[in-house]
Amino acid sequence: MAQQRNQADDRKFSCSICLDLLEDPVTIPCGHNYCMSCIKTHWDGEDQRGIYSCPQCRQSFYLRPLLVKNTLLTELVEDQKKTLIQAADLCYAEPGDVACDVCTGRKLKALKSCLVCQVSYCEQHLQPHYESPAFKNHKLVESSNSLQDAICSRHHEVLKIFCRTDQQLICYLCAMDEHKGHDTMSAAAERTEKQKELNESRQKVQQKIQHREEDVKVLQQEVEAINRSADKAVEHSEKTFTELIHLIQKRSSDVKQQIRIQQKTLVSQTEDLQKKLDQEIAELKRKDTKLYFLSRTEDHTQFLHSFTSLSKPISSTDAPRPKVSNLPYFQDVMAAVTAAKDKMQHILTEDWLLTRADFLEYSLQITLDPNTTNNLLVLSDGNKKITFNSQNTPYPHHPERFTGVSQVLSKDGLTGCGYWEVEMSRDASVAVAYKSIPRSGNYNSHVFGYNEKSWVLDWYSSSYIFRHDNRPLIISGPKSSRIGVYLDHSAGILSFYSVSETKTMTLLHRVQTKFTEPLYAGFFFSGPDGETVEFCGLK
């Protein structure tokens, strides 16, 4: 009702030209009221006509009326302004606000809390604390709903001292009693020290926000690069397959589908990481806001109570800083399709259309080279089986031995056509590599799949990952502990197959390239103890 009454009064004291409260109100002969400047401007526009009118009733005046300020109306307008200001100053407590403990009925929002009175006051009820000498020694702080936390539960005194020995707030009586002899200081001084830590924590959080925002930008570029590369690969594949309609029409659809699956997987992984980073950024920003408001609080008690929980570091994704690849994605696909234009007939008849019985005609008996075996690997079964054992006795030094990672190579090089199968434990990898691959040094230079000298298929519990020259490719396919490997060295073909218990073969990945050296079969282990890989006897 009061609000409706104020609005009605506003209309009474408003100028019908500018619609605001009257400013220097004047009354013209017809009895209507206007701001002096508003009616002057209106009549200035009618000077050429020589007739002046009232904007409301349209009564005309042949002589321009003399304007005189209406003093009574001016006072009434000023009173109305004060009423509006007072109404605006009333700030009622909403849910979550600290309400005045003295107000009756609808409570106003508290402006300050008194640690001595243990009461929160609005501006009106706070005035005695400012005006009366009786409240001179009372301690006013920002309004708080947790005043009881500032009082010693034992002595009912204000907690003004911080015990560093016990890391808690105490009163002066506690300092002379159970905390006597402890390392104590004022809460204000301790807050100053903690403020420094808070500022450092904020700086770290802000730096992490900046880094993660940069990471998100990089990941966005990565998504764009994946999409562009995928589109280019699809376009290239379709164009090439069109030239080989009779041989390649079905294969064109297959390759296109594989590209899209790979694209979807890569984009999904990148977007998942981006989502996690966005969530981490949001959490970091929320913490930064809390730290900011905590840094501004004047209540030492509230500050110290809140500091411990807010100063805990936020768990991070611990994700490596993403980098946009220098080489386009799906390059292997495009290279394979281009090469297939000249060699497709050979590939179709010699590789894809071969049955397992055909592959077994190329089966090889491969043994591992003890001189290349890492110290954590143990050979057995005529050097056809290898087991990971972190407690193994170190081998004698040999220049061919892998020293930095758990790897091993076969004894003999492979230069013709050959096929072999391996039985693998989880988290192991099957590879082929040139003998010239380094045995130690930089990680990427000698680990299978991270350089130009090796190709590797990693088998995990949830997926396969093919890697060459440090370019990973996630592969979908039936999970099997038996992997078949087919090599046609002269044709530059390297294929990996999943072999089921019923001996059904499913192509996982094919490489079409040019091999410049003899290849050696190899294995990589990541542990734990007891993991094994062995060459299978083929019949």
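Residues numbered from 1 in each chain as written. Predicted model: local features only at pLDDT ≥ 70, side-chain atom pairs only at ≥ 80, totals over all residues. Heavy atoms only, no water.

Draft legend 1. Expanded view of the confidence of the model for the protein chain. Overall, the prediction assigns the protein chain a mean pLDDT of 85, with 89% of residues at 70 or greater. Of all helices and strands in the protein chain, the one with the weakest mean pLDDT is helix α1 (residues 2-12) (54), whereas strand β13 (residues 407-409) scores best (96). For residues 1-5, every residue scores under 50 in pLDDT, and the model assigns this stretch zero contacts once sequence neighbours within four places are set aside. (pLDDT = per-residue confidence, 0-100. Helix = DSSP H or I, 4+ residues; strand = E, 2+ residues; numbered from the N terminus. Contact = heavy atoms within 4.5 Å.)

Draft legend 2. Structural context of the sheet that holds strand β8 (residues 161-163). Read across the sheet, three strands follow the order β9-β8-β10 without closing on themselves; strand pairing throughout is antiparallel. Lying at the two open borders of the sheet, with one neighbouring strand each, are β9 (168-170) and β10 (184-186). Each strand axis lies, on average, 35 degrees off the axis of its neighbour in the sheet, ignoring direction. Bridge count between β8 and β9: three bridges; the pairing is antiparallel. What sits directly across from F162, in β9, is L169. (Pairing = 2+ DSSP bridges. Axes fitted to C-alpha atoms, helices over the stretch in contact; angles between N-to-C directions.)

Draft legend 3. Quick peek at the pattern of salt bridges. Overall, the coordinates contain 24 salt bridges when judged by the stated rule. Residues R49 and E46 are paired through a salt bridge, measuring 3.7 Å at the closest nitrogen-oxygen approach. Across the pair R439 and E400 runs a salt bridge, and its minimum N-O distance is 2.7 Å. Of this pair, R439 sits in the loop between β15 (428-434) and α11 (443-446) while E400 is found in the loop between β12 (385-388) and β13, placing the two residues 39 residues apart along the sequence. Here E400 falls in the partly exposed class, since its relative accessible area comes to 27%. It is possible to trace a salt-bridge network through shared partners that takes in R356, E421, E423 and R482. (Salt bridge = Lys/Arg side-chain N within 4 Å of Asp/Glu carboxyl O. Buried < 20%, exposed > 50% of the residue type's maximum accessible area, 1.4 Å probe, protein only.)

Draft legend 4. Region of interest: the packing of aromatic side chains. Applying the stated rule across the entire model yields 14 aromatic pairs. Ring centres of F303 and F307 lie 5.8 Å apart, and the angle between their planes is 25 degrees; on these two criteria the pair is classed as stacked. One end of the pair, F303, and the other, F307, are both in helix α8 (residues 300-310), four residues apart, so they sit about a helical turn from each other. Take F303 and F307: they sit in the same class, and that class is buried. When the ring of F523 is compared with that of F535, the centres are 5.2 Å apart and the planes differ by 45 degrees; the resulting orientation is tilted. With F523 in strand β22 (residues 519-525) and F535 in strand β23 (residues 532-535), this residue pair connects regions lying 12 residues apart in the sequence. Every member of this aromatic cluster is reached through a ring pair, and the members are F359, Y362, Y419, Y486 and Y497. Positioned over the ring face of F303 is R191, at 4.2 Å from the centre of the ring. The ring of F402 carries R439 above its face, with NZ or CZ at 4.9 Å from the centroid. (Phe/Tyr/Trp six-rings, centres within 6.5 Å; stacked < 30°, edge-to-face > 60°. Lys NZ or Arg CZ within 6 Å of the ring centre and 35° of its normal.)

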